[in-house]
Amino acid sequence: MNKLLLIAFLSLFINACTFPTYVSNLLPTPYRADIHQGSVLNRFDVNRLKTGMSKHQVQDIIGHPSVIDPFHKNQWDYINYSSLGSGKIINYRLILTFAQEKLTNIDTNGIGSLPALTFIEKVAESNRINDEKATIALAKEQARIAKIAAKRIAQEKIEAEKAEALAIKLAQEKAEAEEEKARVAAIKLAKEKAEKIKMAQIEADRLAQEEALKTTQAKIAQNIALAQEKALKEKQIQEDNKPWYQLWYQFIRQIW
(Lines give C-alpha, C1' and ligand atoms only; values in the text may rest on other atoms or scores of the structure.)
Protein backbone atom coordinates (compact mmCIF):
# COMPACT_ATOMS: atom_id res chain seq x y z
CA MET A 1 0.00 0.00 0.00
CA ASN A 2 2.83 2.36 0.84
CA LYS A 3 4.48 1.59 -2.49
CA LEU A 4 1.32 2.45 -4.38
CA LEU A 5 1.03 5.77 -2.56
CA LEU A 6 4.66 6.57 -3.36
CA ILE A 7 4.17 5.81 -7.05
CA ALA A 8 1.05 7.96 -7.21
CA PHE A 9 2.81 10.84 -5.50
CA LEU A 10 5.78 10.68 -7.94
CA SER A 11 3.43 10.62 -10.93
CA LEU A 12 1.67 13.77 -9.74
CA PHE A 13 5.05 15.46 -9.16
CA ILE A 14 6.37 14.64 -12.64
CA ASN A 15 3.17 15.81 -14.31
CA ALA A 16 3.35 19.04 -12.38
CA CYS A 17 6.95 19.63 -13.64
CA THR A 18 6.22 18.95 -17.33
CA PHE A 19 2.91 20.79 -17.49
CA PRO A 20 4.43 24.30 -17.99
CA THR A 21 6.58 23.00 -20.87
CA TYR A 22 3.59 21.39 -22.50
CA VAL A 23 1.60 24.55 -22.10
CA SER A 24 4.45 26.67 -23.44
CA ASN A 25 4.64 24.50 -26.54
CA LEU A 26 0.98 25.12 -27.16
CA LEU A 27 1.33 28.91 -26.83
CA PRO A 28 2.47 30.99 -29.92
CA THR A 29 6.11 32.19 -29.80
CA PRO A 30 7.30 35.56 -31.20
CA TYR A 31 9.27 35.55 -34.56
CA ARG A 32 12.98 36.00 -34.20
CA ALA A 33 15.01 36.75 -37.44
CA ASP A 34 18.34 35.19 -38.26
CA ILE A 35 21.24 37.50 -37.44
CA HIS A 36 24.37 37.05 -39.57
CA GLN A 37 27.60 38.81 -38.70
CA GLY A 38 30.60 38.51 -41.01
CA SER A 39 30.99 36.47 -44.17
CA VAL A 40 28.05 34.29 -45.16
CA LEU A 41 29.36 31.09 -46.77
CA ASN A 42 27.91 27.80 -47.89
CA ARG A 43 29.62 24.47 -48.40
CA PHE A 44 28.80 24.35 -52.10
CA ASP A 45 30.81 27.53 -52.81
CA VAL A 46 33.61 26.58 -50.40
CA ASN A 47 33.97 23.23 -52.16
CA ARG A 48 34.48 25.10 -55.44
CA LEU A 49 37.71 26.66 -54.18
CA LYS A 50 40.88 25.16 -55.64
CA THR A 51 44.53 25.87 -54.98
CA GLY A 52 46.11 27.84 -57.79
CA MET A 53 43.17 30.24 -58.12
CA SER A 54 43.84 33.95 -58.21
CA LYS A 55 42.48 36.35 -55.61
CA HIS A 56 40.03 37.68 -58.16
CA GLN A 57 38.68 34.16 -58.83
CA VAL A 58 38.29 33.53 -55.09
CA GLN A 59 36.33 36.77 -54.67
CA ASP A 60 34.05 35.83 -57.56
CA ILE A 61 33.11 32.62 -55.70
CA ILE A 62 32.85 33.58 -52.00
CA GLY A 63 33.22 37.36 -52.02
CA HIS A 64 35.58 39.62 -50.10
CA PRO A 65 37.14 38.37 -46.86
CA SER A 66 35.94 39.54 -43.48
CA VAL A 67 39.41 40.36 -42.26
CA ILE A 68 42.71 41.10 -44.02
CA ASP A 69 45.52 41.41 -41.52
CA PRO A 70 47.80 44.27 -42.63
CA PHE A 71 50.73 42.30 -41.23
CA HIS A 72 49.68 39.15 -43.08
CA LYS A 73 48.39 40.36 -46.44
CA ASN A 74 48.72 36.88 -47.90
CA GLN A 75 46.08 35.51 -45.49
CA TRP A 76 42.36 36.05 -45.91
CA ASP A 77 39.94 35.24 -43.06
CA TYR A 78 36.23 34.61 -43.63
CA ILE A 79 34.65 34.79 -40.17
CA ASN A 80 30.96 34.43 -39.36
CA TYR A 81 28.93 34.48 -36.17
CA SER A 82 25.27 33.87 -36.88
CA SER A 83 22.37 33.63 -34.46
CA LEU A 84 19.42 31.89 -36.07
CA GLY A 85 15.84 32.57 -35.12
CA SER A 86 15.57 29.03 -33.87
CA GLY A 87 18.19 29.81 -31.30
CA LYS A 88 20.94 27.86 -33.06
CA ILE A 89 24.36 29.50 -33.12
CA ILE A 90 26.57 29.11 -36.17
CA ASN A 91 30.19 30.17 -35.82
CA TYR A 92 32.83 29.36 -38.43
CA ARG A 93 36.15 30.62 -39.78
CA LEU A 94 37.66 29.90 -43.21
CA ILE A 95 41.36 30.73 -43.64
CA LEU A 96 42.88 31.11 -47.11
CA THR A 97 46.61 31.54 -47.73
CA PHE A 98 48.11 33.06 -50.86
CA ALA A 99 51.60 33.13 -52.37
CA GLN A 100 52.45 35.32 -55.35
CA GLU A 101 48.76 36.18 -55.78
CA LYS A 102 47.79 32.48 -56.04
CA LEU A 103 45.78 30.43 -53.54
CA THR A 104 48.10 27.90 -51.89
CA ASN A 105 46.21 26.60 -48.85
CA ILE A 106 42.55 26.23 -47.81
CA ASP A 107 42.04 25.73 -44.05
CA THR A 108 38.50 24.37 -43.56
CA ASN A 109 39.02 23.13 -39.99
CA GLY A 110 36.87 25.95 -38.61
CA ILE A 111 33.78 25.52 -40.81
CA GLY A 112 32.33 22.43 -39.14
CA SER A 113 29.17 24.29 -38.20
CA LEU A 114 28.25 25.12 -41.79
CA PRO A 115 25.01 23.44 -42.90
CA ALA A 116 25.42 20.29 -44.96
CA LEU A 117 24.76 20.31 -48.67
CA THR A 118 21.17 20.08 -49.79
CA PHE A 119 20.08 17.41 -52.23
CA ILE A 120 20.10 19.91 -55.12
CA GLU A 121 23.55 21.16 -54.08
CA LYS A 122 24.81 17.59 -53.86
CA VAL A 123 23.56 16.93 -57.38
CA ALA A 124 25.08 20.18 -58.64
CA GLU A 125 28.38 19.41 -56.90
CA SER A 126 28.40 15.91 -58.34
CA ASN A 127 27.83 17.35 -61.80
CA ARG A 128 30.58 19.90 -61.22
CA ILE A 129 33.01 17.21 -60.07
CA ASN A 130 32.12 15.05 -63.07
CA ASP A 131 32.63 18.04 -65.37
CA GLU A 132 35.98 18.76 -63.76
CA LYS A 133 36.99 15.11 -64.12
CA ALA A 134 35.88 15.18 -67.75
CA THR A 135 37.80 18.41 -68.30
CA ILE A 136 40.89 16.95 -66.63
CA ALA A 137 40.54 13.74 -68.65
CA LEU A 138 40.10 15.78 -71.84
CA ALA A 139 43.13 17.91 -70.93
CA LYS A 140 45.17 14.77 -70.26
CA GLU A 141 44.05 13.26 -73.56
CA GLN A 142 44.87 16.48 -75.39
CA ALA A 143 48.23 16.59 -73.62
CA ARG A 144 48.83 12.95 -74.59
CA ILE A 145 47.90 13.68 -78.21
CA ALA A 146 50.04 16.82 -78.16
CA LYS A 147 52.92 14.81 -76.70
CA ILE A 148 52.55 12.17 -79.41
CA ALA A 149 52.33 14.88 -82.07
CA ALA A 150 55.38 16.65 -80.60
CA LYS A 151 57.26 13.35 -80.53
CA ARG A 152 56.24 12.65 -84.13
CA ILE A 153 57.26 16.14 -85.20
CA ALA A 154 60.55 15.77 -83.36
CA GLN A 155 61.12 12.40 -85.06
CA GLU A 156 60.25 13.88 -88.44
CA LYS A 157 62.62 16.75 -87.72
CA ILE A 158 65.38 14.30 -86.82
CA GLU A 159 64.70 12.30 -89.98
CA ALA A 160 64.65 15.50 -92.05
CA GLU A 161 67.95 16.57 -90.48
CA LYS A 162 69.41 13.14 -91.21
CA ALA A 163 68.16 13.31 -94.80
CA GLU A 164 69.58 16.82 -95.15
CA ALA A 165 72.89 15.72 -93.67
CA LEU A 166 72.96 12.73 -96.04
CA ALA A 167 72.14 14.98 -99.00
CA ILE A 168 74.90 17.39 -97.97
CA LYS A 169 77.33 14.48 -97.57
CA LEU A 170 76.40 13.06 -100.98
CA ALA A 171 76.73 16.51 -102.53
CA GLN A 172 80.13 16.94 -100.91
CA GLU A 173 81.23 13.50 -102.07
CA LYS A 174 79.98 14.28 -105.57
CA ALA A 175 81.72 17.63 -105.52
CA GLU A 176 84.90 15.99 -104.28
CA ALA A 177 84.60 13.30 -106.96
CA GLU A 178 84.05 15.96 -109.63
CA GLU A 179 86.95 17.94 -108.21
CA GLU A 180 89.17 14.84 -108.22
CA LYS A 181 88.05 14.04 -111.76
CA ALA A 182 88.78 17.58 -112.86
CA ARG A 183 92.16 17.46 -111.08
CA VAL A 184 93.07 14.16 -112.79
CA ALA A 185 91.93 15.54 -116.15
CA ALA A 186 93.93 18.70 -115.57
CA ILE A 187 97.01 16.66 -114.62
CA LYS A 188 96.54 14.45 -117.69
CA LEU A 189 96.09 17.51 -119.91
CA ALA A 190 99.11 19.14 -118.36
CA LYS A 191 101.16 15.98 -118.91
CA GLU A 192 99.96 15.73 -122.51
CA LYS A 193 100.77 19.40 -123.04
CA ALA A 194 104.17 18.96 -121.42
CA GLU A 195 104.77 15.88 -123.57
CA LYS A 196 103.81 17.82 -126.69
CA ILE A 197 106.07 20.67 -125.66
CA LYS A 198 108.85 18.17 -125.00
CA MET A 199 108.32 16.48 -128.38
CA ALA A 200 108.17 19.86 -130.08
CA GLN A 201 111.39 20.85 -128.33
CA ILE A 202 113.01 17.57 -129.36
CA GLU A 203 111.84 18.11 -132.95
CA ALA A 204 113.11 21.67 -132.82
CA ASP A 205 116.43 20.47 -131.46
CA ARG A 206 116.61 17.81 -134.18
CA LEU A 207 115.85 20.32 -136.88
CA ALA A 208 118.37 22.69 -135.36
CA GLN A 209 120.96 19.89 -135.30
CA GLU A 210 120.15 18.99 -138.88
CA GLU A 211 120.41 22.62 -139.87
CA ALA A 212 123.67 22.93 -138.01
CA LEU A 213 124.91 19.73 -139.67
CA LYS A 214 123.90 21.03 -143.05
CA THR A 215 125.60 24.30 -142.33
CA THR A 216 128.70 22.44 -141.17
CA GLN A 217 128.65 20.18 -144.20
CA ALA A 218 128.18 23.18 -146.44
CA LYS A 219 131.11 24.90 -144.81
CA ILE A 220 133.19 21.75 -145.11
CA ALA A 221 132.20 21.37 -148.79
CA GLN A 222 132.93 25.05 -149.31
CA ASN A 223 136.30 24.66 -147.61
CA ILE A 224 137.04 21.55 -149.66
CA ALA A 225 136.04 23.37 -152.82
CA LEU A 226 138.22 26.32 -151.85
CA ALA A 227 141.06 23.98 -151.01
CA GLN A 228 140.66 22.16 -154.31
CA GLU A 229 140.46 25.43 -156.15
CA LYS A 230 143.54 26.64 -154.34
CA ALA A 231 145.32 23.40 -155.06
CA LEU A 232 144.43 23.67 -158.76
CA LYS A 233 145.62 27.22 -158.83
CA GLU A 234 148.83 26.24 -157.13
CA LYS A 235 149.26 23.32 -159.53
CA GLN A 236 148.56 25.59 -162.44
CA ILE A 237 151.10 27.98 -161.13
CA GLN A 238 153.57 25.16 -160.76
CA GLU A 239 152.78 24.00 -164.26
CA ASP A 240 153.23 27.43 -165.54
CA ASN A 241 156.58 27.77 -163.80
CA LYS A 242 158.07 24.45 -164.97
CA PRO A 243 161.13 24.60 -167.27
CA TRP A 244 160.74 23.84 -170.97
CA TYR A 245 162.46 20.49 -170.88
CA GLN A 246 160.04 19.17 -168.25
CA LEU A 247 157.19 20.16 -170.47
CA TRP A 248 158.88 18.45 -173.43
CA TYR A 249 159.45 15.35 -171.37
CA GLN A 250 155.83 15.19 -170.33
CA PHE A 251 154.75 15.64 -173.92
CA ILE A 252 156.90 12.76 -175.04
CA ARG A 253 155.60 10.55 -172.31
CA GLN A 254 152.09 11.30 -173.33
CA ILE A 255 152.83 10.39 -176.86
CA TRP A 256 154.45 7.19 -175.96
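Details of the structure are given in the entry above.
Residues numbered from 1 in each chain as written. Predicted model: local features only at pLDDT ≥ 70, side-chain atom pairs only at ≥ 80, totals over all residues. Heavy atoms only, no water.

Trainee: A description of the side chain of S39 should follow, citing residues and the corresponding values.
Mentor: Looking at where S39 falls in the secondary structure, it is placed in the loop between β1 (35-38) and α2 (43-47). Those residues in contact with S39 that sit more than four places away from it in its chain are H64, P65, S66, Y78, I79, N80 and Y92. (Helix = DSSP H or I, 4+ residues; strand = E, 2+ residues; numbered from the N terminus. Contact = heavy atoms within 4.5 Å.)

Trainee: Tell me about the pattern of salt bridges, and please be specific about residues and values.
Mentor: Under the criterion given, the structure shown has 12 salt bridges. A salt bridge links K55 to E101, with the shortest nitrogen-to-oxygen separation between them at 3.7 Å. Remark: E101 occurs in the loop between β4 (89-99) and β5 (102-110) and K55 occurs in helix α3 (residues 55-62); sequence separation between them is 46 residues. A relative accessible area of 15% places K55 in the buried class. Between E210 and R206 there is a salt bridge; the shortest N-O distance is 2.3 Å. With E210 and R206 both in helix α4 (residues 119-241) and four residues apart, this pair spans about one turn of that helix. The exposure class of R206 is partly exposed, given its relative accessible area of 35%. A cluster of three or more residues bridged by salt bridges with shared partners is formed by K50, E125, R128 and E132. (Salt bridge = Lys/Arg side-chain N within 4 Å of Asp/Glu carboxyl O. Buried < 20%, exposed > 50% of the residue type's maximum accessible area, 1.4 Å probe, protein only.)

Trainee: Residues and numbers for the packing of aromatic side chains, please.
Mentor: A ring pair, where both rings are aromatic, is described by two values, the distance of the centres and the angle of the planes. In the structure shown here, the tally under the stated rule is one aromatic pair. Residue placement shows K55 over the ring face of F98; its charged tip is 5.4 Å from the ring centre. (Phe/Tyr/Trp six-rings, centres within 6.5 Å; stacked < 30°, edge-to-face > 60°. Lys NZ or Arg CZ within 6 Å of the ring centre and 35° of its normal.)

Trainee: Please give an account of α3 that cites residues and values.
Mentor: Those residues of α3 that fall on the buried side of the exposure criterion are K55, V58, I61 and I62. Buried residues in α3, looked at end-on, bunch into an arc of 125°, giving them a common side. For α3, the exposed residues lying more than 90 degrees away from the buried face are H56 and D60. On the buried face of α3, the contacting elements are α2, β3 (75-83), β4 and β5. Where α3 terminates, the next one or two residues include G63, which has phi positive at roughly 85°. (Arc of directions from axis to C-beta.)

Trainee: Mind laying out the layout of surface pockets, listing which residues take part and the relevant values?
Mentor: The computed volume of the largest pocket comes to approximately 180 Å³. Forming the walls of the largest pocket are 16 residues, and the residues nearest its centre are V40, L41, N42, L114 and P115. Sorting the residues of the lining of the largest pocket by element identifies α2, β3 and β4 as the ones contributing at least two each. Per-class residue counts for the lining of the largest pocket are nine nonpolar, five polar and two charged. (1 Å grid on protein atoms, 1.4 Å probe; cavity = no way out; pocket = protein on both sides within 12 Å on 5 of 7 lines; lining within 4 Å. Points joined across faces, edges and corners; volume = space filled by probe spheres on them. Nonpolar A, V, L, I, M, F, W, Y, C, P; charged D, E, K, R; others polar.)

Trainee: So what's going on with the pairing of β5? Residues and values would help.
Mentor: One ladder, built from six bridges, connects β4 with β5; its direction is antiparallel. By the bridge assignment for β5, R93 is matched with G110. (Pairing = 2+ DSSP bridges.)

Trainee: Quick rundown of the side chain of E125? Include the residues and the values.
Mentor: In this fold, E125 is placed in helix α4. Only 2.6 Å separates the side chain of E125 from the side chain of N47, close enough to count as a polar contact. Among residues more than four places away in sequence, those in contact with E125 are R43, F44, N47 and L117. (Polar contact = N/O pair within 3.5 Å; in protein donor to acceptor, adjacent residues only side chain to side chain.)

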